[in-house]
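# Close look at the chain arrangement
For reference, the chains in residue letters:
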Amino acid sequence: MPNFLTGQSIGTIVIVGIVLLLSVTIFRRPIRLLLRLVMNTIGGFIMLFVVNFLGQFIGISLTIGWFNAVIVGIFGLPGVGFLLILQWLLVV
């Protein structure tokens, strides 16, 4: 048996493996939700760019920022409507 593979090192490897397995099992759902939020936010940015591009022909524009992207990413088209109404209420 090689010198680096002692009983203590095997025990350490087993404990580290168990801790990693438990960590992946425990944090699987929160990580999945976080990744879904990130993907929805990216989709929100894209939707805001599309709204601004198409809105320039009729005079509609929305600020492209993280908060607006998260709102649009989570709520979709109703989120765009909410931001437009909110902007209209705050400007008037």
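Structure's up top.
This report concerns the structure included in the present document.

The rules behind the values
Residue positions are given per chain, counted from 1 along the sequence in the order it is written. The predicted origin of the model limits local features to residues at a pLDDT of at least 70 and limits the giving and counting of side-chain atom pairs to 80 or more, whereas totals for whole chains, interfaces and linings rest on all residues. The side-chain numbers reported here are obtained from all heavy atoms of the structure, hydrogens and water having been left aside. Lines are fitted to the C-alpha atoms to define the axes, a helix being fitted only along its stretch in contact, and any angle between axes, read from their N-to-C directions, falls within 0 to 180 degrees. To qualify as a helix, a DSSP run of H or I must reach at least 4 residues; to qualify as a strand, a run of E must reach at least 2; elements of each kind are numbered from the N terminus. Throughout this description, any angle smaller than 35 degrees is read as roughly parallel, any larger than 145 degrees as roughly antiparallel, any in the 65 to 115 degree range as roughly perpendicular, and the remainder as oblique. Any two residues whose heavy atoms approach within 4.5 Å at even a single point are treated as in contact. Note on residue classes: Ala, Val, Leu, Ile, Met, Phe, Trp, Tyr, Cys and Pro are nonpolar, Asp, Glu, Lys and Arg are charged, and everything else, Gly too, is polar. Expected helix span is given by 1.5 Å per residue-to-residue step, counting one fewer step than there are residues. Residue exposure (1.4 Å probe, protein chains only): buried if accessible area is under 20% of the type maximum, exposed if over 50%, otherwise partly exposed. Read the arc as the range of directions from the helix axis to the C-beta atoms. Geometry of aromatic contacts follows a simple scheme: Phe, Tyr and Trp rings, the Trp one being its six-membered ring, pair when their centres are within 6.5 Å, and the pair is stacked under 30 degrees between planes, edge-to-face over 60, tilted otherwise. Residues enter a nonpolar core if they are buried and are Ala, Val, Leu, Ile, Met, Phe, Trp, Tyr or Cys, with the set joined through side-chain atoms within 4.5 Å.

Before going further, it helps to spend a moment on the packing of helix 2 (residues 66-75) against helix 3 (residues 77-91). In the contact formed by helix 2 and helix 3, the axes pass within 6 Å of each other and the chain directions differ by 140°. In terms of orientation, helix 2 lies oblique with respect to helix 3. Together, Asn68, Ile71, Val72 and Phe75 of helix 2 and Leu77, Pro78, Gly79, Val80, Phe82 and Leu83 of helix 3 make up the contact between the two elements. For the contact of helix 2 with helix 3, the per-class residue count stands at 8 nonpolar, 2 polar and no charged.

On to helix 3. Spanning 15 residues, helix 3 covers 21 Å between terminal C-alpha atoms, matching the ideal 21 Å at 1.5 Å per step. Those residues of helix 3 lying buried are Gly79, Val80 and Leu83. The buried residues of helix 3 occupy one face: seen down the axis, they fall within an arc of 105°. Opposite its buried face, helix 3 presents the exposed residues Leu77, Pro78, Ile85, Trp88 and Leu89, each directed more than 90 degrees away.

Throughout the structure, instances matching the rule amount to 2 aromatic pairs. Both rings, one in phenylalanine 45 and one in tryptophan 66, keep their centres 5.0 Å apart while their planes meet at 85°; by these two values the pair is edge-to-face. Of this pair, phenylalanine 45 sits in helix 1 (residues 7-55) while tryptophan 66 sits in helix 2, and the two are 21 residues apart along the sequence. For phenylalanine 45, a relative accessible area of 18% corresponds to the buried category.

This brings us to the nonpolar core. As a rule of thumb, soluble globular proteins bury nonpolar side chains together. The biggest cluster of nonpolar side chains holds 9 residues, and these are Phe45, Leu48, Val51, Leu62, Ala69, Ile71, Val72, Val80 and Leu83. Elements with a minimum of two residues in this core: helix 1, helix 2 and helix 3. For leucine 62, the residues in contact, after removing those within four places along its chain, are Leu48, Val51, Asn52, Val80, Leu83, Leu84 and Gln87.

A word on helix 2. Residues Asn68, Ala69, Ile71, Val72 and Gly73 constitute the buried set of helix 2. Phi for glycine 76, located one or two positions after helix 2, is positive at around 75°.

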